[in-house]
Number of protein chains: 2
Amino acid sequence: MPSKKLAYRNLPHLFLKAREELLCHFRPIITHFGLTEQQWRILRTLDEKNELEPREICELCHILSPSLTGVLSRMEAIGLVTRQRMPGDQRRVIVRLTPKSEKLVAELGPLIVAQYKIIEQALGPELIKQLYDIMDQLIATEKGPITRIALPEKKDWANMTD
Amino acid sequence: MPSKKLAYRNLPHLFLKAREELLCHFRPIITHFGLTEQQWRILRTLDEKNELEPREICELCHILSPSLTGVLSRMEAIGLVTRQRMPGDQRRVIVRLTPKSEKLVAELGPLIVAQYKIIEQALGPELIKQLYDIMDQLIATEKGPITRIALPEKKDWANMTD
DNA sequence: CAAAACTCACTAACATATTAACCAATCAGC
DNA sequence: GCTGATTGGTTAATATGTTAGTGAGTTTTG
């Protein structure tokens, strides 16, 4: 028989679900152009900021550095971005859109906006506003100090026989 | 120069960010026990439902079927779940916790709850309530008909020279 | 009853996530 | 100027996400 149920709803899981419920309306548009979610996030961000360094992309697009290395390599290989070492600091890199990807964004962007409008209408603009409001609150508050509970001694559950 | 900026904020991306802001407080607990996020989601759900079929786990835990195959294989290999073919229908499978994983949930679950309480206090219980409320609204509304915009003819951007 | 359609889990191939470790370039301090 | 610490990007190894397809088992239909 199962042990006692967890008393709290799974909030992170709820975010995952909500995100998927929204994204499923955009995914077909993005994949139609042969892009992945992450590639589109990067293109969109680059279009807005003009040029970015990898660590900035990591921060803005929520992609971890090791993942980004591969994503940028593939994007560079198919001519969606250029990578150029920064003259003053040979460690750093500058990533830019290509003429080709600028055209792509110009064609894809309006479709995303149009789909947004449809969704906004379906959900009701007030709900959208409330969402933005609460999410901003959440992300702002999270910066504050949240203590971490104490963890018990480590047990290697994976290799226990019992 | 960049084309015109997209007029809408990226709502799915906001969910991604919010989820991460929350999850980062739970991840250390989960990994401390040698589990992955998905493994814990499955253990937690199994603990609540007692036994589940793979497609039910996919639905409840938001894991796609091909991913689940691997996750369950690994979990079975280290003795966290059992998989048993259903007698009446040889296509179907029943997944259950083991005594070992029941103990694990009994030890891990309360820690998750405790961390939840800390976060709830930090964010303020009203904010949490509003969050649940809006998320439920969102997910409920999403079931309604949201039309998909028409897509232009397919272009193979990846293999274009220009 | 037999063929077609369907369901379920799985495999395959590729992209991304996650953690740890690596390495060259830069910087801090002496 | 040299050593030690730091930064920025990368590689490696493993786990999961994503899409398409497979194959056995079951249901539907003629």
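This text follows the structure it describes.
Cut-offs and rules
Position labels on residues start from 1 in each chain and follow its written sequence. Written order decides the labels, with chains lettered from A and ligands numbered from 1. Per-residue local features are limited, in this predicted model, to residues with pLDDT of at least 70; the limit for side-chain atom pairs, both in listing and counting, is 80 or more; totals at the level of whole chains, interfaces and linings are taken over all residues. Excluded from the side-chain calculations are hydrogens and water; all other atoms, namely the structure's heavy atoms, are used. When the copies are superposed, the least-squares fit draws on C-alpha atoms of residues that have pLDDT of at least 70 in both. Any two residues having at least one pair of non-hydrogen atoms within 4.5 Å are treated as being in contact. Only protein chains enter the area calculation, which uses a 1.4 Å probe; residues under 20% of their type maximum are buried, those over 50% are exposed, and those in between are partly exposed. Here a strand is any run of E in DSSP of at least two residues, a helix any run of H or I of at least four, and the numbering for each starts at the N terminus. Note that the arc is defined by the directions from the helix axis to the C-beta atoms. Throughout, the term near means that a residue has one or more heavy atoms lying within 4 Å of the molecule or strand in question. Polar contact is defined as a pair of N or O atoms within 3.5 Å, subject to the rule that within protein one atom must be able to donate a hydrogen and the other to accept it, and that residues adjacent in sequence are counted only when both atoms are side-chain atoms. Here a cavity is any set of points on a 1 Å grid over the protein atoms alone where a 1.4 Å probe fits but cannot get out, and a pocket is any open set with protein on both sides within 12 Å along at least 5 of 7 lines; a residue lines the site when it has an atom within 4 Å of a point. Grid points are joined across faces, edges and corners, and a volume is the space filled by probe spheres set on the points. Residues are grouped as follows: Ala, Val, Leu, Ile, Met, Phe, Trp, Tyr, Cys and Pro are nonpolar; Asp, Glu, Lys and Arg are charged; every other residue, Gly included, is polar.

What about the relation of the copies chain A and chain B?
Under the fitted operation, chain A is carried onto chain B by 0.0 Å of movement along the axis and a turn of 180°, and the coordinates agree to an RMSD of 0.1 Å. Look at the turn and shift together and you get a two-fold axis relating the two. Proximity to the rotation axis, assessed at the C-alpha, singles out Phe15(A) in chain A; its C-alpha lies 2.8 Å from the axis. When the interface residues of chain A are mapped onto chain B, 99% of them are again interface residues, pointing to one common binding face.

Comments concerning helix H4 (residues 54-61) of chain A
Looking only at H4(A), the buried set comprises Ile57(A), Cys58(A) and Cys61(A). Looking straight down H4(A), one finds its buried side chains confined to an arc of 105°; they lie on one side. At its buried positions, H4(A) is contacted by helix H3 (37-49), strand E1 (51-52), helix H5 (65-77) and strand E3 (89-97) of chain A together with helix H1 (11-23) of chain B.

With respect to the protein's contact with DNA strand C
All names here are of chain A. Around DNA strand C, the structure places 22 residues, and the nearest of them are Thr36, Gln38, Ser67, Arg74 and Gln90. Counting only atoms of DNA strand C within 4 Å of the protein, the fraction found in sugar and phosphate groups is 74%. The separation between a phosphate oxygen of DNA strand C and a polar side-chain atom of serine 67 is 3.4 Å. In the model, a phosphate oxygen of DNA strand C is placed 2.9 Å from a nitrogen or oxygen of the glutamine 90 main chain.

Things to note about the layout of surface pockets
The volume enclosed by the largest pocket comes to roughly 1000 Å³. Forming the boundary of the largest pocket are 26 residues, of which Leu16(A), Arg19(A), Leu16(B), Arg19(B) and Gln38(B) lie nearest the centre. Contributions of two or more residues to the lining of the largest pocket are made by helix H1 (11-23), H3 and H5 of chain A together with H1 and helix H3 (37-49) of chain B. Taken together, the residues of the lining of the largest pocket sort by class into 10 nonpolar, six polar and 10 charged.

Some details on unusual backbone geometry
All names here are of chain A. Phi at asparagine 50 is positive, roughly 80°, even though this residue is not glycine. The phi dihedral of histidine 62 falls on the positive side, at around 55°, and the residue is not glycine. Mapped onto the secondary structure, histidine 62 falls in the loop between H4 and H5. Taking the relative accessible area as the measure of exposure, histidine 62 reaches 30% and is therefore partly exposed.

Worth remembering: the numbers are spatial, not functional.
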